[in-house]
Amino acid sequence: MISFGSKKSKKAVIKPRTDSPRASGSVRQQLKLLNRLLASVKIGSRIRYHMEYEEATTLESLVIGYQINGLMVFRQSDVKVIADGEDAGVSVKTPDGVEQFTRLESFDLVVPGAVGEERKLDYDSRASMSRRGPFAPHARLSVMSYSYNTEHLKLEAEVLRNLKLSGGVHAGLQVALLSVSLGSIGNHEPRKYSRVETRLCVTASKNGTETVMTAELQDFSEETIRLVLDGDGQQWPKFGKKDFLLVGMKTSVDKPLVKLRCECVGERGEGRVFRMTHMMRHGKPEPFEMLDALEIKIDLMNLEV
């Protein structure tokens, strides 16, 4: 049963049910899970999903809103969750004012409906779906976040229903409501390639022309690297869309210095994640290829021995 805050009260307090002395704790745990979800699966962020046990059917979608206890939300700032203290609860800003809940009864992701993503799949994968596509009512989905700058989550959801929005900023849009099981939330590794962990000292320079910094290469995959600057007050410069980082590394004692041109794609605390785009050959940047990645990866694995 949904609990609303009184119109006269500005606070929503969770009260434990008399038949469950630990109910308050379970509600707070729900709110903490909801906070994690809202931080990683934000409105406007992309998600990946596939039908239950059908990883070959992985597709992409965009979260355009949430439905919380039956209320539609299309702006991130319209939701506030307090997981601890006497004010614990959820507040949702609506056109009629702020609604406050002391208990979370349902949470749904709102995503665009039929956008033709399933056409990217091969014939056998499409055949495994309902004729109504991946968002057929009651279809069970595994959903994954993959934003670079947040915690990576995986969760289970069920297609609640499809509908056409009748009002608001997305009026007329056909959407699907994905009912989320908060208890299924867990971490996942979004990279399609495995990482090699290392502690290799490298040099780095923004655009290859600015001050040379020293950094530690902490992990490497076929697409990305993670770097953390050494001490002595070094700070990461800001990277615009046209900026790149030139990274120099010695991956083997009997091979020349490797120079990689990389673009910044995310932050991990004090570290930065870079996607390798080019390798310098004879002083000129050439596209970074899979053979280059595999060669470096094997060299780094041998350094770890």
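These lines cover the structure that appears in this document, whether it is placed above or below. Note that the coordinates shown come from a computational prediction; the quantities given were computed from them, not determined experimentally.

### A few points about the side chain of Asp299
Thinking step 1. Of note, Asp299 is situated in helix H3 (residues 290-304).
Thinking step 2. Judged by relative accessible area, Asp299 falls into the buried class, the value being 9%.
Thinking step 3. For Asp299, the contacting residues outside a window of four places in its chain are Thr251, Ser252 and Lys255.

### Considering the sheet that holds strand E1 (residues 46-51)
Thinking step 1. As summarised here, the arrangement of the 8 strands in space is E2-E1-E9-E10-E11-E8-E3-E4, forming an open sheet in which the pairing is antiparallel. Every interior strand has two partners, whereas the edge strands, strand E2 (59-62) and strand E4 (71-73), have only one. Pairwise comparison of adjacent strand axes, ignoring direction, gives a mean angle of 35° for this sheet.
Thinking step 2. Across 5 bridges, the pairing between E1 and strand E9 (residues 140-145) is antiparallel. If you follow Tyr49 over to E9, its bridge partner there is Val143.

### What about the packing of aromatic side chains?
Centre distance and the angle of the planes are the two values used to describe a pair of aromatic rings.
Thinking step 1. On inspection of all chains with the given rule, the structure shows 4 aromatic pairs.
Thinking step 2. Relative to Phe107, the ring of Tyr66 lies with its centre 5.2 Å away and its plane at 45°, an arrangement referred to as tilted. Linking Tyr66 in strand E3 (residues 65-68) with Phe107 in strand E8 (residues 107-112), this pair joins segments that are 41 residues apart in sequence. Both residues of the pair, Tyr66 and Phe107, count as buried.
Thinking step 3. For Arg261, the ring lying beneath its charged end belongs to Phe244, and the centroid distance is 3.8 Å.

### A word on the pairing of strand E11 (residues 174-187)
Thinking step 1. Alignment of E8 against E11, held across 5 bridges, turns out to be antiparallel. Bridging across to E11, Pro112 finds its partner in Val175.
Thinking step 2. Across 10 bridges, strand E10 (residues 153-164) lies against E11 in antiparallel orientation. Directly across from Leu153, in E11, lies its bridge partner Asn187.

### Describing the layout of surface pockets
Thinking step 1. Of the voids in this model, the second largest pocket is the one considered here, and its volume is about 240 Å³.
Thinking step 2. Taken together, 13 residues line the second largest pocket, and the ones lying closest to its centre are Pro256, Leu257, Val258, Met279 and Glu295.
Thinking step 3. Looking at the lining of the second largest pocket residue by residue, the class counts come to 6 nonpolar, 1 polar and 6 charged.

### Description of the environment of Glu60
Thinking step 1. By the secondary structure assignment, Glu60 is in strand E2.
Thinking step 2. Looking at Glu60, its side chain comes within polar contact range of the side chain of Arg46, at 3.1 Å.

The rules behind each value
- Residues numbered from 1 in each chain as written.
- Predicted model: local features only at pLDDT ≥ 70, side-chain atom pairs only at ≥ 80, totals over all residues.
- Heavy atoms only, no water.
- Helix = DSSP H or I, 4+ residues; strand = E, 2+ residues; numbered from the N terminus.
- Buried < 20%, exposed > 50% of the residue type's maximum accessible area, 1.4 Å probe, protein only.
- Contact = heavy atoms within 4.5 Å.
- Pairing = 2+ DSSP bridges.
- Axes fitted to C-alpha atoms, helices over the stretch in contact; angles between N-to-C directions.
- Phe/Tyr/Trp six-rings, centres within 6.5 Å; stacked < 30°, edge-to-face > 60°.
- Lys NZ or Arg CZ within 6 Å of the ring centre and 35° of its normal.
- 1 Å grid on protein atoms, 1.4 Å probe; cavity = no way out; pocket = protein on both sides within 12 Å on 5 of 7 lines; lining within 4 Å.
- Points joined across faces, edges and corners; volume = space filled by probe spheres on them.
- Nonpolar A, V, L, I, M, F, W, Y, C, P; charged D, E, K, R; others polar.
- Polar contact = N/O pair within 3.5 Å; in protein donor to acceptor, adjacent residues only side chain to side chain.

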